[in-house]
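Architecture at a glance
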Amino acid sequence: MSEVITEKATIVEAPAGYQQPGFFATSLDKAVGLARKNSIWPLPFATSCCGIEFMALMASHYDLGRFGAERLSFSPRQADLLMVMGTIAKKMAPVLRQVYQQMAEPRWVLSMGACASSGGIFDTYSVLQGIDRVIPVDVYVPGCPPRPEQVIDGIMQIQKLVGSESLRRRHSPEYKEMMKKYGFE
Amino acid sequence: MFVSNQNYFFMHNNILDFIPIVITLAVAAGFVVLVMLVTHWLGPNRKTHVKGESFECGIEQKGNARIPFSIKYFLVAILFVLFDVEVIFMYPWAVNFKELGMLGFMEMGLFIAFFLVGFYYIMKKGALKWE
């Protein structure tokens, strides 16, 4: 595991499969997971300071684009990952729910920062104490605000989830149960 | 069939020479249809009522998305199409001008006269009056 890498090539590792000269065979789950996890298109739902940190993340120094997230989408129809960055007020919660519901499956949610994960330091009448009260969340990134490297770590966890997801998960009874728990169809 | 080879750009060959074009068109159209059918039948989807609504940045949509627009744009466009088609009909006449002779000229004149009647009607009705 700790061998010195002499070539300077950054390529994605192939999934486990059967390889012979001329062909490579693997399962559809793994191939689709590989394609999906290296081309996640985020929907930046940025409301506060974490949004500024996200701007730093997308800029050249930390560059989220090298993970495949080069193309941001402000329309939920074309986005894979909903990144909620910032304080979500109780007035904003129905808007967040609507945006989440209008995303096409498969979809994932990353909650960036303390305010989105749990309300942060704003334990008050107007702030929603955590977006997981209204939508299901896959990865939480703590911090106030989290450094771009922490968010990249969160994105890599999302990549791990995306790469290992079964193709039928969105039609499974557990998923439907979870959706019903949140009040979605 | 004797074909003179002076001043002719296109030598009349048999109709079978057009088969490759037909195959190209069929493959292009067939590919589109096939891919759309495959995605609609084999692709996974989960339709819900909220997902199908128009996207309005997360808020409830109010009212119709159709806005009223001036009919004059549509009229200009549709009249252009009509008269453009008339001009297109004049192209084969131009190519075979010599053989069609006087009779062809009179027939085309009648054709254009019909269009002129229509044009006179349009002008009288003020369809092209831009306010």
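Residues numbered from 1 in each chain as written. Chains lettered and ligands numbered in written order. Predicted model: local features only at pLDDT ≥ 70, side-chain atom pairs only at ≥ 80, totals over all residues.

What about the overall build of chain A?
- Scanning chain A for helices and strands turns up 6 helices and 6 strands.
- Listed by position from the N terminus, the elements making up chain A come as β-β-α-β-α-β-α-β-α-β-α-α.
- Split into buried and exposed, the 185 residues of chain A put 31% on the buried side. (Helix = DSSP H or I, 4+ residues; strand = E, 2+ residues; numbered from the N terminus. Buried ≥ 20, exposed ≤ 12 C-beta atoms within 10 Å, placed from the backbone.)

Digging into the overall build of chain B
- Across its full length, chain B holds 4 helices and 0 strands.
- In chain B, the succession of helices and strands from N to C terminus is α-α-α-α.
- Within chain B, the fraction of its 131 residues that count as buried is 1%.

Considerations on unusual backbone geometry
Residues and elements named next belong to chain A.
- For the bond running from E105 to P106, omega is -10 degrees, close enough to zero to count as cis.
- On the secondary structure map, P106 appears in the loop between α3 (93-101) and β5 (108-112).
- Note that the residue after C144, namely P145, is joined by a cis bond; omega there is -10 degrees.
- By the secondary structure assignment, P145 is in the loop between β6 (139-141) and α5 (148-163).
- Even without being a glycine, D63 presents a positive backbone phi close to 45 degrees.
- Within the secondary structure, D63 sits in the loop between α2 (49-58) and β4 (81-85).
- On the basis of neighbour counts, which here come to 14 C-beta atoms within 10 Å, the residue D63 falls in the partly exposed class.

Brief notes about the interface of chain A and chain B
- Listed by partner, the interface residues are 13 residues for chain A and 9 residues for chain B.
- Class assignment for the residues of the side of chain A that touches chain B results in 4 nonpolar, 5 polar and 4 charged. (Contact = placed C-beta atoms within 7 Å. Nonpolar A, V, L, I, M, F, W, Y, C, P; charged D, E, K, R; others polar.)

Overview of helix α1 (residues 19-42) of chain B
- Taking 1.5 Å per residue as the helical rise, α1(B) with its 24 residues ought to reach 34 Å, and the 33 Å between its terminal C-alpha atoms agrees with that figure.
- The buried count for α1(B) comes to 0 of 24 residues, which makes it a mostly uncovered element. (Expected span 1.5 Å × (residues − 1).)

Thoughts on the environment of A:G113
Residues and elements named next belong to chain A.
- The residue G113 is located in the loop between β5 and α4 (114-118) in this model.
- With 28 C-beta atoms counted inside 10 Å, the residue G113 sits in the buried group.
- Taking the C-alpha atoms as reference, G113 lies 5.6 Å from C144; in sequence the two are 31 residues apart.
- Those residues in contact with G113 that sit more than four places away from it in its chain are C50, M85, G86, G120, V141, G143, C144, P145 and P146.

A look at the pairing of strand β3 (residues 42-46) of chain A
- The buried fraction of β3(A) is high, at 4 of 5 residues.
- Between the parallel elements β3(A) and β4(A), the chain passes through α2(A) in a crossover that is left-handed. (Right-handed = clockwise from strand over helix to strand, strands pointing away.)

Points about the nonpolar core
Residues and elements named next belong to chain A.
- Formed by 37 residues in total, the largest nonpolar core has its most connected members in L81, L82, M83, V84, L96, L110 and M112.
- Mapped onto this core, the elements with two or more residues apiece are β3, α2, β4, α3, β5, α4, β6 and α5.
- Here L81 is in contact with I40, P42, L43, W108, L110 and I158, once residues within four sequence places are set aside. (Core = buried A, V, L, I, M, F, W, Y, C linked by C-beta atoms within 7 Å.)

Overview of the sheet that holds β5(A)
All names here are of chain A.
- With respect to topology, 4 strands assemble into an open sheet ordered β3-β4-β5-β6, the strand pairing being parallel. Strands with a single pairing partner mark the edges of an open sheet, and in this sheet they are β3 and β6. Each neighbouring strand pair of the sheet contributes to a mean axis angle of 20 degrees, computed without reference to strand direction.
- Strands in contact with α2 are β3, β4 and β5; relative to β3, the strand with the most contacts, it is inclined by about 140 degrees.
- Most of the contacts of α5 go to β5, to which it runs at about 160 degrees, and overall it touches β4, β5 and β6. (Pairing = 2+ DSSP bridges. Axes fitted to C-alpha atoms, helices over the stretch in contact; angles between N-to-C directions.)

Quick notes on the packing of helix α3 (residues 71-95) of chain B against helix α4 (residues 97-125) of chain B
Residue and element names in this part refer to chain B.
- It is the contact of α3 with α4, at a shortest axis distance of 10 Å, that shows an interaxial angle of 170 degrees. Taken as axis vectors, α3 and α4 run roughly antiparallel relative to one another. Residues L79, E86, W93 and A94 of α3 touch α4, and the partners they reach there are F97, L100, G104, M108, F115 and I122. (Parallel < 35°, antiparallel > 145°, perpendicular 65-115°, else oblique.)

Remarks on the confidence of the model for chain B
- Chain-level statistics for chain B give a pLDDT mean of 87 and a share of 92% at 70 or above.
- Looking at the elements of chain B, mean pLDDT is at its lowest for helix α2 (residues 49-52) of chain B, recorded as 87, and at its highest for α1(B), recorded as 94. (pLDDT = per-residue confidence, 0-100.)

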